[in-house]
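Now for the letters of each chain:
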Amino acid sequence: MRDFADRLKRLLVGRPVPNQALGETLLPKRIALPVFASDALSSVGYAPDEVLVTLAVAGVAATALSPWIALAVVGVLVVVVASYRQTVHAYPSGGGDYEVVSTNLGPRAGLAVASALLSDYVLTVAVSVSSGTGYLVAAVPWLAPYKVEIAVGVVTVLALLNLRGSRESGGAFAIPTYLYMAAIGVMAVTGLVQELTGSLGQAPSAGYEVVAQAGWEQGLSGLAGAFLILRAFSSGCAALTGVEAISNGVPSFQRPKSRNAATTLLLLGGIAALMLMSIIHLAGATGVNMAENPATDLLREGQPLGEGYHQDPVIGQIAATVFSGFRPMFYLVTAVTGLILVLAANTAFNGFPVLASVLGRDEFLPRQLSQRGDRLAYSNGIIVLWLGAVAFIVGFGASTNRLIQLYIVGVFISFTLSQIGMVRHWTRELATATEPRVRARMRRSRVINAVGVAGTGLVLLIVLATKLTRGAWITLMIMAILYLLMTAIRGHYARVASELAVTDLHDSRVLPAHVHAVVLASRLHKATLRAVTYAQSTHPTSIEAVTVDTGDGGADRLLTDWEKAELTVPLTVLDSPFRDIVRPLTGYIRDVRRESPRDLVVVFLPEYLVRHWWEQVLHNQTALRIKTALLFTPGVVVASVPWQLGLPGESSIHHGHRATVPTGIPDADVAARRAAATRLAPASDPTPSPRRQEN
């Protein structure tokens, strides 16, 4: 079974990679861009939809504000990119926002940021994969009943690719990401040229009338209109998600790490801004109309379109208009857009494990998360992220509309606290810097981060005000649970460290006064003899073998065989009138320990190593129960003594005893000596009393 599992693992993950090859897994900028930027770039696939759908609540006239909202989003994007370029230079270790906030604002604020980022990474995977699966279901309607299963399968494939290592996963995702950027770029340029030449057509939805929802017949007026605009702006800010992943992934870059990360961040910001503005502009130029409930809110000749109408995404409608005379290009744009939405989850698969490894190193998460796997990837973090994403996908039915309401709030909490931390960082550095050029650079960086505080803080307030009742409260609750969980884990590790700390190396209490060896025996065979020999080789202070008499005659046969073999180790038989094996053994061992609290009791337990996985069911079940029962007994150590079944070499091992194992037929002398033994435990008493046969 173990060999089969290992072969399967090698097939799925690949051969182990030595530590010396760690440098070979680092990413050049051309690979790092698709690896870390796919999340932010893919947001262009649904951020325009969210802006137009939100504004359409107040009617078609309100959608005219979409370019201004997109411009405001781009403004925030510029501020965030500029701010994080300062972060990757100041904190290149990969902790990102968590390290910045912990260092400058304290560990509690750092844990709040870590909770926000961990939840946001999980939601990134769930939202991106669900959105990409939605494209597939729209193209192939008969797959709709299996949407959840498809999304889970996609997440599983992404996890397996990342378990093979960041370089391999980056290479697999580079071509689709660059193809996506190229396709959107060609669509944008072609559409702008057609607009300038007057040949740009109208989108399929341009002829539909958008009906304002109840209460919005007067359009964007008063405080309600302002609130709707802010809500559309907060939805458009989904385009900023993923920017922070580069600051968390600096260790994955080739040297010089900080410079390459900062350059990649600049490229990400520029490409995302151009794509977002181009799509919003072309959506207006082609007359794209979107509605939250298209079946009732979109009219054709005064009649609702009905449930049979499928609302294509903004990019799909623009591509159908721009490439109306060349359908292959339309299919390419829609296909790579759906694909990039799925691959956007890869950003989280690179950011989450690195952040989790830092938290594991700081003992806020299990330490196993800080260890690299066979392929030098943080395998445990990848698996945890996979489990979390699958839980959200299944729990929310792979619904993008439901999941996206949970989105954004976490990332803007981390944005804001991180920028506050960076302002404090530069203020502290300025207090010690003396060189004028360095001080000027620090002042400039502090101004950039201060602007970042104002921009991201304002967006955070808007997001909380507009999305709290629409699902953001779930994200806040998850963050609170993660915060309490990490605090509890850190407290546990602190208590363990305090308990195990050696304050006096000469304290005699560190070592036991005596070692008492107990060999568990059920029959006298080679496995038992090996356990006896192994126990003797450790030179304990005292040694005995112990068996349990359940009334089936097995104990009498063992006693007879033991005496015929003339073994020097005494055998103790425990009476068990209720035929239980585990309780008499554990009770007796605890009694031995209780009589000498400073002694160490070592229990030697013979176990079979089977050749086939199904044979495990036939052996070692009692041994497993005994080990489990003794696990929490202080002062008791269980040592398994294995015997490999079916291994020819086992039979030739010398055990230091007579070669002939007795057959179990008692002679008259043995029978007389056995008859002299008395049972001290009454039949009604479940507590065993031993009868000892000394040799």
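Predicted model only: the values in this text are computed from it and were never measured. (Residues numbered from 1 in each chain as written. Predicted model: local features only at pLDDT ≥ 70, side-chain atom pairs only at ≥ 80, totals over all residues. Heavy atoms only, no water.)

Notes on the overall build of the chain
Of regular secondary structure, the chain possesses 25 helices and 9 strands. Across the 695 residues of the chain, 50% fall into the buried class. Counting contacts in the chain only where the partners sit at least 6 residues apart, residues at least 24 apart contribute 81% of the total. Accessible surface, the chain: about 32200 Å² in total, of which carbon and sulfur atoms supply 62%. (Helix = DSSP H or I, 4+ residues; strand = E, 2+ residues; numbered from the N terminus. Buried < 20%, exposed > 50% of the residue type's maximum accessible area, 1.4 Å probe, protein only. Contact = heavy atoms within 4.5 Å. Areas by Shrake-Rupley, 256 points an atom, 1.4 Å probe, with all protein chains shown as cover.)

Description of the environment of Y91
Its location among the elements puts Y91 in the loop between α4 (66-90) and α5 (96-105). Taking the C-alpha atoms as reference points, Y91 and S258, 167 residues apart in sequence, are found 8.5 Å from one another. Setting aside anything within four residues of it in sequence, one finds Y91 in contact with E99, V100, T103, N104, M422, H425 and R428. One polar contact links Y91 to N104, side chain to side chain, over a distance of 3.0 Å. A polar contact of 3.0 Å, which involves the side chain of Y91, links it to the side chain of H425. (Polar contact = N/O pair within 3.5 Å; in protein donor to acceptor, adjacent residues only side chain to side chain.)

Let's talk about the pattern of salt bridges
On inspection of all chains with the given rule, the structure shows 6 salt bridges. Between D362 and R361 there is a salt bridge, and its shortest N-O distance comes to 3.3 Å. What makes D362 partly exposed here is its relative accessible area of 25%. Given the relative accessible area of 55%, R361 is considered exposed. (Salt bridge = Lys/Arg side-chain N within 4 Å of Asp/Glu carboxyl O.)

Regarding helix α22 (residues 554-565)
With 12 residues, α22 extends 16 Å between its outermost C-alpha atoms, agreeing within 8% with the 16 Å of an ideal straight helix rising 1.5 Å per residue. The set of residues buried in α22 consists of G554, A555, L558, L559, T560, D561, W562, E563 and A565. Directly beyond the C-terminal end of α22, a positive phi value near 55 degrees is found at E566. (Expected span 1.5 Å × (residues − 1).)

A short note on the side chain of T475
Mapped onto the secondary structure, T475 falls in helix α20 (residues 472-500). The class of T475 is buried, set by a relative accessible area of 1%. Only 2.6 Å separates the side chain of T475 from the backbone oxygen of L406, close enough to count as a polar contact. Ignoring anything within four residues of it in the chain, the contact list for T475 reads S119, L123, L406, V409 and G410.

Here we look at unusual backbone geometry
Going from R255 to P256, the amide bond is cis rather than trans, its omega being -5 degrees. The phi angle at E363 is positive, at roughly 65 degrees, despite the residue not being glycine. Residues other than glycine seldom take positive phi values, yet E566 does so here, at roughly 55 degrees. For E566, a relative accessible area of 59% corresponds to the exposed category.

Remarks on the sheet that holds strand β3 (residues 303-304)
What the 3 strands build is an open sheet, ordered β1-β2-β3; its pairing is antiparallel. Across the chains shown, the open sheet's two edge strands, defined by having one partner strand only, are β1 (209-210) and β3. Bridge analysis of β1 against strand β2 (residues 298-300) gives 2 bridges, and the strand direction is antiparallel. When the sheet's bridge partners are listed, E209 is paired in β2 with L299. (Pairing = 2+ DSSP bridges.)

Comments concerning the packing of aromatic side chains
Using the criterion set out here, one finds 5 aromatic pairs in the structure. Look at Y84 and F415: their rings are 5.5 Å apart centre to centre, the planes differ by 65 degrees, and that puts the pair in the edge-to-face class. Residue Y84 is found in helix α4, and its partner F415 is found in helix α18 (residues 409-430); the two are separated by 331 residues along the sequence. Among the aromatic residues, ring-to-ring pairing joins Y84, F412 and F415 into one connected group. A cation over an aromatic ring shows up here: R327 above the ring of Y331, its NZ or CZ 5.6 Å from the ring centre. (Phe/Tyr/Trp six-rings, centres within 6.5 Å; stacked < 30°, edge-to-face > 60°. Lys NZ or Arg CZ within 6 Å of the ring centre and 35° of its normal.)

Overview of the pairing of strand β4 (residues 515-520)
Within β4, 5 of the 6 residues are buried, leaving the element largely enclosed by the surrounding structure. Here 5 bridges tie β4 to strand β7 (residues 600-609), and the two strands are oriented parallel to one another. Note on β7: the bridge partner recorded for A517 is V602. In this sheet, strand β5 (residues 542-549) lies alongside β4 in parallel orientation, the contact comprising 5 bridges.

Some remarks on a nonpolar patch on the surface
On the surface, a cluster of nonpolar side chains totalling about 450 Å² of accessible area is made up of L468, W473, L476, M477 and I481. Within the secondary structure, L476 sits in helix α20. (Patch = residues over 30% accessible without salt bridge, like charges linked within 9 Å, V, L, I, M, F, W, Y side chains within 5 Å.)

Observations concerning the confidence of the model for the chain
When pLDDT is averaged across the chain, the result is 79; 82% of the residues are at 70 or more. When mean pLDDT is taken per element in the chain, β4 scores highest with 92 and helix α25 (residues 668-675) scores lowest with 39. In the model, residues 651-689 has pLDDT below 50 throughout and makes 62 contacts with residues more than four positions away in sequence or in other chains. Here residues 691-695 scores under 50 on pLDDT; set against residues more than four positions off or in separate chains, the count is 27 contacts. (pLDDT = per-residue confidence, 0-100.)

Things to note about the pairing of β5
Of all 8 residues in β5, 6 are buried; the element is thus mostly enclosed. For the handedness criterion, the β-α-β arrangement of β4, helix α21 (residues 526-537) and β5 is classed as right-handed. Summarising the sheet, β5 and strand β6 (residues 571-575) pair through 5 bridges and their orientation is parallel. The residue bridging V546 from the neighbouring strand is T572, located in β6. Assessed by its sense of winding, the connection that carries the chain from β5 through α22 to β6 is right-handed. (Right-handed = clockwise from strand over helix to strand, strands pointing away.)

Here we look at the packing of helix α11 (residues 257-285) against helix α13 (residues 314-322)
Closest axis-to-axis distance for the α11/α13 pair is 10 Å, and the angle between their directions is 65 degrees. The two elements α11 and α13 cross, and the hand of that crossing is left-handed. Each of I279, L282 and A283 in α11 lies in contact with α13, whose residues at this interface are V314, I315 and I318. Across the contact of α11 with α13, the residue classes tally to 6 nonpolar, no polar and no charged. (Axes fitted to C-alpha atoms, helices over the stretch in contact; angles between N-to-C directions. Left-handed = near helix turned anticlockwise from the far one by under 90°. Nonpolar A, V, L, I, M, F, W, Y, C, P; charged D, E, K, R; others polar.)

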